[in-house]
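Working through the structure, step by step
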Amino acid sequence: MAAFTVAAARAELARRELDRRRAVRDPLFLASHMVGVDQRDGSRFSLEHLREPLQPGEITLDGETVRRADTSWRWQRYLAERVLADKRLVILKGRQIGVTWICLAVDAAEAVTRPGTTSLLYRQREDEAIDNVRRWWVLYQSLPPWFKTGIKVLSPDRVPQPGRDGVRLQFPDGRISDVVPMTSAVASGHGRTVRRVLLDEGAYIDLLEQILAAVEPAAGAGAINLVSTANGRWNPDTDGGNEFHRVYSLDTGGYQRLFFPYDVHPGRDQAWYDTAPEVQSRKVYQRHANFPRNAHEAFALTSRTFIDADDLAHYRTLVRQPSSRLTFEKTGPSQAAVRERSDGFVSVFERPDPDHMYAIGADVATGRGADYSAAYVIDLTSMALVAEAHGKIDADLYAFQLHYLGRWYGTRSGCRHDAWLAVETGGGFGEAVLIPLRDGREGRPAYPRLYRHVLSSRPDLPLSKPFGFPTNSKTRPLILNQLEKAIRERQLPYLSDGLMWELEELVQHEHGPSPRAQEGSRDDRVFAAAIALEMYRLHGSHPDDRRKRSRAKRHRKTMYPWQEELVPR
């Protein structure tokens, strides 16, 4: 019996030594011995499913989207492999699918198998960063003792859980591995040589751009993992907005992308999504941010949008790509030719129909600032936004393009009249476009159908003297609410992709004009479309129109017959 016990003990020691050697070669083997604790209910879960490499067919990849092929957690093995292999990795995820736990498990395994290294765990607040270090500590503590032989814990030393000092492990040869909690208030990392940086919920870290600028040189050959649910977007034109979205969107900086939708969780499917209280109790934009089905949905509807999120989701399925792009090139004093070009100023969705009438709503920018000029051509018969003009352009050149755009959607294509042209005049920039449309100094005749504002709140509906559409405290709510109504009632046949992006970033604000674009975004297309819809209200074909048509007034006799004889004929 004693001999058997000794032999069994020797066999067990040999097995443990083989396990230690394998763990050095394969940190995921070490991670597979860890056990985590679900902080919602205290239940324990094993990471044993990380132990063996994936077999063909266990997961599928749709671009950067990872999808499980069965009802297991084996997809986490693929995540762990990527975290271990990729030096720069940005991960967009749904909530409560265990991505952060896997990142922490890989880091804990590396801290043991690569003594003397440092990892930085970032969160927005200090308590959140410490919480991640404590989850890291739970995973380390759960390892079988033989994997930790000879390792001395320097921190925490007098308390059961780590705090702001993090974790320090000293190895038999004197090397020390550090795990340090970091916050957004600490835009540092300069001077550190680190093995790994984990930025958890990076979309919510205020100083993410500064932190990345600090840690990327410090990481060197080390790894940077940027993990988050979505929290708004970055605007490529203004370079403002959410930094996490910028990193995820751009193919620069060496970052590889991964997206894990809500249903990689084995217990989630469409039926769960449709009935789960934690999903259905949330507003639509919150639902899409926390339980996204695709990356666009995650980023598109994560703000307090002015347009209802369900309506935006409906129109996202109706986005139309332009059939062509064109610009107008001058060929004579009063002539221009239509040139189709891939970089054309005008995107065309429907070409002019001689049997239809059109109008144009134009928003004007300086041509040199952050804003762009934008215009929409609206079909006064179908209410479709049939063309979009958008770009940074000087006022005189913008006037030239608008002039010939209005004529192309007019008499040059056989329509009865040229398009109505309403140029926005708020801020004074519209004057610089209106003047060259009227003065004839460029050799063009004055544009024939320039809009003059109708004072609709007056019973006599007078025309204002200046040309153009004034955007002010009275007209702004009118046109934006008309746009919201048209989208809510599904009156528009389709929208452009650019307009959709701006509508998804048109949000309510507590101060200043509201709604308006969220910080770092633009609303040029929004206001151009809103003005175009005002032209439809005034001049369009309304199926249910019950307005009284004006009749010729009869002359009412006010003189006696003998007085009429004295009136000169």
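Structure first, text after, so check above.
First, a word on what this report is: a plain description of the structure on this page. Note that this is a predicted model, so its numbers are computed, not measured.

What follows covers the overall build of the protein chain. Regarding its fold elements, the protein chain presents 18 helices and 25 strands. Counting all 569 residues of the protein chain, 51% fall into the buried class. Pairs at least 24 apart in sequence give 64% of the contacts found in the protein chain among residues at least 6 apart.

Unfilled space is identified by rolling a water-sized probe across the atoms. The calculated volume of the largest pocket comes to roughly 730 Å³. As for the largest pocket, its lining consists of 28 residues, of which Gln96, Ile97, Gly98, Trp101 and Arg135 are closest to the centre. Of all elements in the fold, only β2 (44-46), α4 (99-113) and α5 (126-141) reach the threshold of two or more residues within the lining of the largest pocket. No other element matches the four residues that α4 contributes to the lining of the largest pocket. Across the lining of the largest pocket, the residue classes break down as eight nonpolar, ten polar and ten charged.

Right, let's talk about the packing of aromatic side chains for a bit. Under the counting rule described, the total for this entry stands at 19 aromatic pairs. By the ring-pair criterion, three or more aromatic residues cluster together here, those being Tyr262, Trp272, Tyr273 and Phe291. A cation over a ring is seen here: arginine 257 above tyrosine 248, with NZ or CZ 5.8 Å from the ring centre.

Secondary-structure assignment places threonine 183 in strand β9 (residues 176-183). Judged by its relative accessible area of 13%, threonine 183 is buried. If we ignore the near neighbours within four places in the chain, the residues touching threonine 183 are Tyr122, Arg123, Gln124, Arg125, Glu126, Ala129 and Ile211.

Below, the discussion takes up helix α12 (residues 309-316). Within α12 the residues assigned to the buried category are Ala309, Asp311, Leu312 and Tyr315. When α12 is viewed along its axis, its buried side chains cluster within an angular range of 160° and face the same direction. Buried residues in α12 make contact with α10 (284-290), α15 (475-488) and α16 (497-504).

What follows deals with the pairing of strand β19 (residues 373-379). Of all seven residues making up β19, seven are buried, and the element is well covered by its neighbours. By the alternation rule, side chains of β19 split into Ser373, Ala375, Val377 and Asp379 and Ala374, Tyr376 and Ile378, which are all buried. Two strands pair when backbone bridges link them, and strand β18 (residues 358-363) and β19 are joined in this way by six bridges, in the antiparallel orientation. Bridge pairing in β19 places glycine 361 opposite tyrosine 376. Direction of pairing for β19 relative to strand β20 (residues 385-391): antiparallel, over a ladder of six bridges. Each bridged residue has a counterpart across the sheet, and for tyrosine 376 the counterpart in β20 is glutamate 388. Here β19 folds back onto β20, and the loop between the two strands holds five residues, one of which, methionine 383, carries a positive phi near 70°.

Glancing now at the pattern of salt bridges. Counted according to the given criterion, the structure contains 44 salt bridges. Salt-bridge contacts for arginine 21 lead to glutamate 17; the nearest nitrogen and oxygen are separated by 3.2 Å. Here arginine 21 and its partner glutamate 17 are both found in helix α1 (residues 2-25), four residues apart, which amounts to about one turn of the helix. Linking aspartate 127 and arginine 125 is a salt bridge whose minimum nitrogen-to-oxygen distance equals 3.0 Å. Bridged by salt links that share partners, the residues Asp107, Glu110, Arg114, Arg195 and Arg196 form one connected network.

With that settled, the discussion passes to helix α17 (residues 524-539). Here α17 contains 16 residues, and its C-alpha end-to-end distance of 23 Å stays within 8% of the 22 Å for a straight helix at 1.5 Å per residue. A large share of α17 lies buried, amounting to 13 of its 16 residues.

On to the sheet that holds β20. Strand order across the open sheet formed by seven strands is β16-β15-β17-β20-β19-β18-β21, with mixed pairing between neighbours. Of all the strands in the sheet, the pair left with one neighbour each is β16 (335-340) and β21 (420-423). Each strand axis lies, on average, 25° off the axis of its neighbour in the sheet, ignoring direction. Bridging between strand β15 (residues 324-332) and strand β17 (residues 346-348) involves three bridges; their strand directions are antiparallel. In the strand pairing of β17, arginine 325 is matched with serine 347.

A few words on the environment of valine 37. Within the secondary structure, valine 37 is located in strand β1 (residues 35-37). Taking the C-alpha atoms as reference points, valine 37 and serine 142, separated by 105 residues in sequence, lie 10.0 Å from one another. The contact partners of valine 37, leaving out residues within four places of it in the chain, are Gly42, Ser43, Arg44, Phe45, Trp101 and Val138.

Here the focus is the packing of α4 against α5. Relative to each other, α4 and α5 sit at 60°, their axes nearing to 9 Å. As judged from the angle between their axes, α4 and α5 are oblique. At the point where α4 passes α5, the crossing takes the right-handed sense. Contacts from Thr100, Trp101, Leu104, Ala105, Asp107, Ala108, Ala111 and Val112 of α4 reach α5 at Asn132, Arg135, Trp136, Leu139 and Tyr140. Residues of the contact of α4 with α5, tallied by class, amount to nine nonpolar, two polar and two charged.

Right, let's get into unusual backbone geometry. Between serine 155 and proline 156 the backbone carries a cis peptide bond, its omega angle lying at 5°. Within the fold, proline 156 resides in the loop between β7 (152-155) and β8 (167-170). Not every positive phi belongs to a glycine, and glutamine 96 is a case in point at roughly 60°. By the secondary structure assignment, glutamine 96 is in the loop between β5 (88-93) and α4. Despite not being glycine, methionine 383 shows a phi value in the positive range, around 70°. By secondary structure assignment, the location of methionine 383 is in the loop between β19 and β20. Residue methionine 383 is classed as buried on the basis of its relative accessible area of 10%.

In this section: the pairing of strand β6 (residues 118-123). With six of six residues buried, β6 lies mostly within the body of the structure. Of the two faces of β6, the one carrying Thr118, Leu120 and Tyr122 and the one carrying Ser119, Leu121 and Arg123 are both buried. Of the strand pairs in this sheet, β6 and β9 are connected by six bridges, and their pairing is parallel. For arginine 123, the partnering residue across the bridge sits in β9 and is threonine 183. In the sheet, β6 pairs with strand β10 (residues 196-200) via four bridges, with the strands oriented parallel. Its bridge partner being in β10, serine 119 is matched across the sheet by arginine 196.

Basis of the calculations
- Residues numbered from 1 in each chain as written.
- Predicted model: local features only at pLDDT ≥ 70, side-chain atom pairs only at ≥ 80, totals over all residues.
- Heavy atoms only, no water.
- Helix = DSSP H or I, 4+ residues; strand = E, 2+ residues; numbered from the N terminus.
- Buried < 20%, exposed > 50% of the residue type's maximum accessible area, 1.4 Å probe, protein only.
- Contact = heavy atoms within 4.5 Å.
- 1 Å grid on protein atoms, 1.4 Å probe; cavity = no way out; pocket = protein on both sides within 12 Å on 5 of 7 lines; lining within 4 Å.
- Points joined across faces, edges and corners; volume = space filled by probe spheres on them.
- Nonpolar A, V, L, I, M, F, W, Y, C, P; charged D, E, K, R; others polar.
- Phe/Tyr/Trp six-rings, centres within 6.5 Å; stacked < 30°, edge-to-face > 60°.
- Lys NZ or Arg CZ within 6 Å of the ring centre and 35° of its normal.
- Arc of directions from axis to C-beta.
- Pairing = 2+ DSSP bridges.
- Salt bridge = Lys/Arg side-chain N within 4 Å of Asp/Glu carboxyl O.
- Expected span 1.5 Å × (residues − 1).
- Axes fitted to C-alpha atoms, helices over the stretch in contact; angles between N-to-C directions.
- Parallel < 35°, antiparallel > 145°, perpendicular 65-115°, else oblique.
- Left-handed = near helix turned anticlockwise from the far one by under 90°.

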